[in-house]
Amino acid sequence: MSSSTSSQPMVRPADTTRLLWIVLATVVALSLLAYLVAFDQGAVSRSGMYLHELMHDGRHLLGVPCH
């Protein structure tokens, strides 16, 4: 006789929702980081030359043209 129970765990909707929020937050954070490094050109990083130079070196490291 076959058993009606399954060996796979059930996925609860709360787990799926939490996973979607984590994925969305990660995509937003990575998009913001890519903008700051590749396209900012100092517009946001006017707080000091250290941050500007860090982003400038990041552009060179990633091969994004900046000059």
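Structural data are supplied above this passage.
Predicted model only: the values in this text are computed from it and were never measured. (Residues numbered from 1 in each chain as written. Predicted model: local features only at pLDDT ≥ 70, side-chain atom pairs only at ≥ 80, totals over all residues. Heavy atoms only, no water.)

Asker: Could you give an account of the overall build of the chain, with specific residues and numbers?
Answerer: Scanning the chain from terminus to terminus reveals two helices and zero strands. Classification of the 67 residues of the chain by burial places 16% in the buried group. Of the roughly 6,000 Å² of accessible surface on the chain, 69% is carried by carbon and sulfur atoms. (Helix = DSSP H or I, 4+ residues; strand = E, 2+ residues; numbered from the N terminus. Buried < 20%, exposed > 50% of the residue type's maximum accessible area, 1.4 Å probe, protein only. Areas by Shrake-Rupley, 256 points an atom, 1.4 Å probe, with all protein chains shown as cover.)

Asker: Please provide a residue-by-residue account of a nonpolar patch on the surface, values included.
Answerer: Residues Leu19, Val23 and Val27 make up a contiguous nonpolar surface patch of about 260 Å² in total accessible area. Mapped onto the elements of the fold, Val27 is located in helix H1 (residues 13-38). (Patch = residues over 30% accessible without salt bridge, like charges linked within 9 Å, V, L, I, M, F, W, Y side chains within 5 Å. Salt bridge = Lys/Arg side-chain N within 4 Å of Asp/Glu carboxyl O.)

Asker: I'd like a description of H1, backed by residues and values.
Answerer: Helix length check: H1, at 26 residues, gives a terminal C-alpha distance of 37 Å against a target of 38 Å (1.5 Å per residue), a fit within 8%. Every buried residue of H1 is listed here: Leu36, Val37 and Ala38. The inward-facing, buried residues of H1 contact helix H2 (49-62). (Expected span 1.5 Å × (residues − 1). Contact = heavy atoms within 4.5 Å.)

Asker: If you had to explain the side chain of His56 to someone new, which residues and values would you point to?
Answerer: The residue His56 is located in helix H2 in this model. Residue classification places His56 among the buried positions, given a relative accessible area of 18%. Ignoring any residue separated from it by four or fewer positions in sequence, one finds His56 in contact with Cys66 and His67.

So far we have only geometry, and geometry alone does not tell us how the molecule works.
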